[in-house]
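Remarks on the overall topology
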Amino acid sequence: MSWFKRDKQPDEKLPKLDNTARKVRTEGLWQKCEGCKQIIWKKDLESNWNVCAKCGAHSRIDAATRLKLLFDNAEYESLDAELRSSDPLGFIDSKPYGQRLDAMRKATGLNDAMISARGKLDGRPVHICSMEPRFIGGSMGSVVGEQIARAIERAIADRTPVIIVSASGGARMQEGAISLMQMAKISAALMKLDQERLPYISVLTDPTTGGVTASYAMLGDLNIAEPGALIGFAGPRVIEQTIRQKLPEGFQRSEFLLKHGMLDAVVPRLEMKAYISKALQFFMG
Ligand SMILES: [Zn+2]
């Protein structure tokens, strides 16, 4: 028996590799690009609005950053920020919904998954509702519905266009049918906006799914998406199981939807403001 061969000791308790310290030191400094898989200095990525300079992949940005990108001089007035969900069902999943909301409020500094804002885009007064993907998956509940409905009513009063930037996992299950009701409520408000002949531009970003896709995200006078965004109603696994077919490559991504007539354009993030400005010029003169 060779003296350096070691008997197997299956029950031997090896000390667990502790990555905590390493994680703490590097967390927040580097980020892996989902496109080219390269590790990028986070500050470089952020200074380019989370668009990878190497491959052009778009990573998610939060609602406030989005508004800074779209409004002139990053200036805007935040509206209805005080609205809070009353947890009408007293819903409890892995934890009570009320606790979940509190944790999310702390983490994001927002009361719910949206910033409704008024400001100027290339000198033109506009209302922009920007969804916050970090707040319970950017889910749409009673607050998001109310914020959008009020934004539309203000837009009608101010005679301005409405832009909604979606980033959402869909309706918020913790509010059950009340969250589903928002689909009808917002759709009705958008019809009023249409009757007033004011344009609505829907910007779909990664991800836009479920009840949001099934209502306002697809109701724009223009529906435009960021490159590579996941856009769909049900998830691909559910669809595959239902239709018993393999889904094609790139299914539910912006480019695929554009090719199949579900979108009007795919617009890179850094060109989005100029694109919207031009579209509003076309709509409103
Ligand atoms: Zn990249």
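An account of the accompanying structure is given in this report. Just so it is clear, the model here is predicted, and its values are computed rather than measured. (Residues numbered from 1 in each chain as written. Predicted model: local features only at pLDDT ≥ 70, side-chain atom pairs only at ≥ 80, totals over all residues. Heavy atoms only, no water.)

1. Comments concerning the sheet that holds strand 5 (residues 124-131)
Here is the rule: For two strands to be treated as a pair, DSSP must find no fewer than two bridges joining them. Numbering of helices and strands starts at the N terminus; helices are DSSP runs of H or I of at least 4 residues and strands are runs of E of at least 2. We call two residues in contact whenever any of their non-hydrogen atoms come within 4.5 Å of each other. Structural elements are reduced to axes, namely lines fitted to C-alpha atoms, with helices fitted over the stretch in contact, and the angle between N-to-C directions of any two is expressed from 0 to 180 degrees.
In spatial order, the strands read 3-4-5-6-7-8-9; together these seven strands make up an open sheet with mixed pairing. Sheet topology places strand 3 (76-79) and strand 9 (265-266) at the edges, where each strand pairs with a single neighbour. Pairing of strand 8 (residues 222-225) with strand 9 involves two bridges; the strand directions are parallel. In the sheet register, A225 faces strand 9, and the bridge partner there is V266. Sheet strands in contact with helix 10 (residues 272-284) are strand 4 (114-121), strand 5, strand 6 (162-168), strand 7 (200-208), strand 8 and strand 9, and its direction is about 170 degrees off that of strand 8.

2. Some details on the coordination of the zinc ion
Using the following cut-off: Only nitrogen, oxygen and sulfur atoms within 2.8 Å of the metal, or 3.2 Å for Na, K and Ca, are treated as donors, and water is left out, so sites may look incomplete. Key to geometry: four donors with every angle between 85 and 135 degrees are tetrahedral; four donors are square planar and six octahedral where opposite donors lie over 155 degrees apart and all remaining angles lie between 65 and 115; all other sites are irregular. Each residue is placed in one exposure class: buried if its accessible area under a 1.4 Å probe, protein chains only, is under 20% of its type's maximum, exposed if it is over 50%, and partly exposed if it falls in between.
Protein coordination at the zinc ion comes from C33 (SG), C36 (SG), C52 (SG) and C55 (SG), with a distance range of 2.3 to 2.4 Å. Angles of 105 to 112 degrees at the metal separate the four donor atoms of the zinc ion, which places the site in the tetrahedral class. Mapped onto the sequence, the donors of the zinc ion take the spacing C-x2-C-x15-C-x2-C. Given the relative accessible area of 3%, C52 is considered buried.

3. Looking at unusual backbone geometry
Here the amide bond leading from D206 into P207 is cis, since omega sits at -10 degrees, within 30 degrees of zero. The backbone phi angle of A74 is positive, close to 55 degrees, even though this residue is not glycine. For A74, a relative accessible area of 34% corresponds to the partly exposed category. Within the chain, R244 stands out as a residue other than glycine whose phi angle is a positive 50 degrees. One can find R244 in the loop between helix 8 (236-243) and helix 9 (254-259).

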